[in-house]
Each structure stands twice: as C-alpha cells, then as structure tokens.
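Commentary on secondary and tertiary structure
As a plain string of letters, each chain reads:
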Amino acid sequence: MRSYLDHNATSTLRPEAKVAMLRAMDLTGNASSVHGEGRAARQLIDDAREQVARAVGVIAPMVVFTSGGSEANNMVLKGVAVERIIVSAVEHPSVLAAAKASGKPVETIPVDADGIIDLAALEAMLKGPKALVSVMAANNETGVVQPLHEVVRLAQQHGALVHSDGVQVLGKRMLNFALPPLHFLTLSAHKNGGPVGVGAVVVCDGVPVEPLIHGGGQELRRRAGTENLVTVAGFGAVAGLKQDVRKLRDRLEAELDGAVIFGSAVERLPNTTCFAFPGMKAETLLMAFDLEGVAVSSGSACSSGKVAKSHVLAAMGVKPEISEAAIRVSLGWDTTEQDIEHFTAAWRKIRDRHKARAAA
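Residues numbered from 1 in each chain as written. Predicted model: local features only at pLDDT ≥ 70, side-chain atom pairs only at ≥ 80, totals over all residues. Heavy atoms only, no water.

**Focus on the pattern of salt bridges**
Applying the stated criterion to the full structure yields 20 salt bridges. Across the salt bridge formed by Glu219 and Arg49, the nearest N and O atoms sit 2.7 Å from each other. On the criterion of sequence distance, the pair formed by Glu219 in helix α7 (residues 218-221) and Arg49 in helix α2 (residues 36-56) is long-range, its members being 170 residues apart. As far as the burial class goes, Glu219 and Arg49 line up, both buried. (Salt bridge = Lys/Arg side-chain N within 4 Å of Asp/Glu carboxyl O. Helix = DSSP H or I, 4+ residues; strand = E, 2+ residues; numbered from the N terminus. Buried < 20%, exposed > 50% of the residue type's maximum accessible area, 1.4 Å probe, protein only.)

**Points about the sheet that holds strand β6 (residues 161-165)**
For sheets, the rule is that strands pair by backbone hydrogen bonds, running either parallel or antiparallel. Taken in spatial order, the 7 strands line up as β2-β8-β7-β6-β5-β3-β4 in an open sheet, and their pairing is mixed. Since the sheet does not close on itself, it has two edges, and those belong to β2 (63-66) and β4 (106-109), each with one partner. The sheet shows a mean angle of 20° between the axes of neighbouring strands, taken without regard to direction. Judged from the 5 bridges that link them, strand β7 (residues 184-188) and strand β8 (residues 199-203) form a sheet pairing that is antiparallel. Across the sheet, Leu187 pairs through a bridge with Ala200, a residue of β8. Running at roughly 165° to β7, helix α3 (residues 69-79) makes contact with β2, β3 (84-88), β5 (131-134), β6, β7 and β8 of the sheet. (Pairing = 2+ DSSP bridges. Axes fitted to C-alpha atoms, helices over the stretch in contact; angles between N-to-C directions. Contact = heavy atoms within 4.5 Å.)

**Digging into the environment of Thr335**
Mapped onto the fold, Thr335 is located in the loop between β12 (327-330) and α13 (337-359). We classify Thr335 as buried; its relative accessible area is 10%. With sequence-adjacent residues up to four places away left out, Thr335 is seen in contact with Leu5, His7, Leu248 and Ile340. Among the polar contacts listed, one links the side chain of Thr335 to the backbone nitrogen of Gly332, at a separation of 2.8 Å. (Polar contact = N/O pair within 3.5 Å; in protein donor to acceptor, adjacent residues only side chain to side chain.)

**Some words on the side chain of His163**
Structurally, His163 is set in strand β6. Dropping the residues within four chain positions of it, His163 is found in contact with Asn73, Val76, Leu77, Val95, Leu132, Val133, Ser134, Val135, Phe184, Leu185 and Thr186.

**Some thoughts on the packing of aromatic side chains**
Enumeration according to the criterion identifies 6 aromatic pairs in this entry. Ring centres of Phe289 and Phe343 lie 5.1 Å apart, and the angle between their planes is 10°; on these two criteria the pair is classed as stacked. Note that Phe289 is positioned in helix α10 (residues 282-291) and Phe343 in helix α13, a separation of 54 residues in sequence. Classification of Phe289 as buried rests on a relative accessible area of 0%. Under the relative-accessibility criterion, Phe343 is labelled buried at 0%. Taking the centre distance of 6.5 Å and the plane angle of 15° together, the rings of Phe289 and Trp347 count as stacked. (Phe/Tyr/Trp six-rings, centres within 6.5 Å; stacked < 30°, edge-to-face > 60°.)

**A short note on the side chain of His190**
The topology assignment puts His190 in the loop between β7 and β8. Only 2.7 Å separates the side chain of His190 from the side chain of Thr10, close enough to count as a polar contact.

**Section: the nonpolar core**
Grouped together as the largest cluster of nonpolar side chains are 70 residues, with contacts concentrated most on Phe65, Leu122, Val202, Phe235 and Phe262. The element best represented in this core is α2, accounting for 8 residues. Excluding its chain neighbours within four sequence positions, the residues that come into contact with Leu122 are Ile86, Ile109, Ile117, Val133, Val151 and Leu154. Core analysis: the second largest hydrophobic core is formed by 25 residues, Leu286, Val294, Ile340 and Ala346 among them. (Core = buried A, V, L, I, M, F, W, Y, C linked by side-chain atoms within 4.5 Å.)

**Considering helix α6 (residues 148-157)**
The complete set of buried residues in α6 reads Leu148, Val151, Val152, Leu154 and Ala155. The arc that holds every buried residue of α6, seen down its axis, measures 165°, which confines them to one face. Away from the buried face of α6 by more than 90 degrees, exposed residues His149 and Gln156 are located. Where α6 is buried, its residues meet α5 (119-125), β5 and β6. (Arc of directions from axis to C-beta.)

**Observations concerning the sheet that holds strand β10 (residues 272-276)**
Judged by pairing direction, the sheet is antiparallel, and its 3 strands sit side by side in the order β9-β10-β12 without closing on themselves. Every other strand in the sheet has two partners, leaving β9 (260-261) and β12 as the edge strands with one partner each. Here β10 pairs with β12 via 4 bridges, running antiparallel. Residue pairing in the sheet places Thr273 in a bridge with Val329 of β12.

**A closer look at the environment of Glu83**
Mapping Glu83 onto the fold places it in the loop between α3 and β3. In this structure, the C-alpha to C-alpha distance between Glu83 and Gly128, residues 45 residues apart in sequence, is 9.5 Å. Dropping the residues within four chain positions of it, Glu83 is found in contact with Lys104, Pro105, Pro129 and Lys130.

**Remarks on unusual backbone geometry**
Between Leu179 and the following residue, Pro180, the backbone shows a cis peptide bond with an omega angle of 0°. One can find Pro180 in the loop between β6 and β7. Unlike most non-glycine residues, Glu219 shows phi in positive territory, near 50°. Residue Glu219 is classed as buried on the basis of its relative accessible area, which comes to 4%. Not every positive phi belongs to a glycine, and Leu220 is a case in point at roughly 55°.

In structure tokens, the structure reads:
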C-alpha cells in the first residue's frame, strides 16, 4: 500500500479536472481566432475564468491565467509601480526571489515563534514611500494562517498595495478577494486537485500591473501567449471544489506523542502538519517513511528535490537541531482513514526503531 501525504507540494488529479481536460483535448482552435473553432476555444477559457472568479468572489475580467503560482507571484512583484516592497519572512521562495529581482528596495516583516507576522513591525515599515505589501494567506510548510484583515487595514492607512499568495488556501478554507479587500491574489490549480502548469493572478479593477510576458494581446493584454486550453479547463473544474480533512489531520496529530508540532497554538490550514522529533534527521525520516510506503516531504517542494534548511522555521526562531528534523505531512481531497492508519503504523515503527538505537 502507498499513502500519498504530500498534497501541499502537488495534489492528486481530481476526476472533475480529468473529465474537463479530456474534453478540452478534442478542441482544435486557437482562442484568438475568429472562426468557429477559435470561438469554441475562447468559450472554454471564458467559462473557466468565470469558474475561478466565482471561487474567490470576483468578476471574470479580474482573473489572469498564468503557468502557475510562481509566475503569478513574479508578475505581481515585478510588475507593480511602487517604490519599495515589503514581504514577510516566511513567504514562498517565488515571492522572496521575485521581490529581490524587482530591483526595488525590499524590507522583511519578522514573525513570532508561531510564524505569525509582527503587525507592529509592519506598521512601522509602512511609514515611507508607497509600498507593495506581500503576505501569504497561509504558509506552505506549517499551514499557519496570516492575519490578512489586519495587514490590509494597516496598508490602507498608508496608501500601500497588498498582494497575497493564496496558492495553499484554495479549497481548504474560505478565500474571498474582497474580504479583506486585496489588490492582488495569486492562485494555482495543482494544490487543489487540478493540473500542474496553470495558475492565476486576480487583479483589482483599476490597479495597473505591467505584463511579465510580452508579445500578444491574450489575457486582457496582461499576459502574452496562446492559452493552454487543457490546463485552463482543468483549473476551472476544480476552482470551486472544497476539501474537509480536519478530523483526519487531528487524528494524525494525536499519534505524534513526543513530537514538536509547529504552529499548533494558532490557526492553521486544516490539512497541514509540520512536526519534528528531536534527535531525528529529516533526510532519514523521509527515506524511512518512503520505505514504509508513505510519501511526505521536508519543507518547501521548490528546492529541486533537496532537503534544505527551512527559512520558515529559521524565521520562527526554531533551533537548528529541531528544524533539521522537520517533516511536513499534508492531506488532500482523497486522503482516507486508511492513509492515516498507514502513516500512524509507519510512524510508530520508525520512532520505536530510533528509540531502540538511542538506548543501545
């Protein structure tokens, strides 16, 4: 038996997405063409755009399709006309790297031991030239949810724009662009059972953003290039679907006696558990779980397969001897009780082996 518990990296493809994608494969036209085939392709894209828009409470023209969350983040961080950028210390690498590559001054908001941003520090940073504030809706490693309403409230007082990376939140908790009122929101399909290779930027009406890719008038002139009909159709099919795995997550965590669960004292995504067992190494744990038929991960999946030091846990002040043992378990729409039982049995075996070696 194999149990896949790495849905924050990429989730398994939902049947609804597969059906929509197979239908899209039968279409031939370019959505920019005016003939019948082109109009059919255009209708598919328009329908998917409407589905994504409804999922986050906006009108369709505000949704710009991209190749994924990383491109979406780059489009915002590099394309907005501001004098500086303020990011949280626990942002996804695609936000941190894009901010640095923007050429603008970048300031970093510290976080507390639970991974929540320091709002007082943010308020102090906002005093100055016009800024873009980028704070993720929820962390990809720990699942910790950020206080976006407070971020927006402070930003409004200083005329700053607000961007939120909502990639991990879609389908897992309420995600409404207007509550709080954001200027930019980035999304990705494959974290909620959609296909890999498609995402979106939601852009507030009247807020300009320079295209990252030039050369055509596609996506309301915000992103050049012929749209990928197949992946866009798959994204639309899953955009409004929900997953409820909190009870399974809580059951899993109840078995982690002796482990440190990061962010356990604050609100987290209902599918995410990041934990460490002192004395163990993440590399060893990953391999041990894999040999037991359980797929989990260590930190972000955007490190070319490497088990690297977590900048998120470092920002939270976690000691290196603890952070180097951190493992992320993330459940998905198709996770079952059998998967939790499988994980639990594997964990007990791995933990008991470790204790026996330590006592020898």
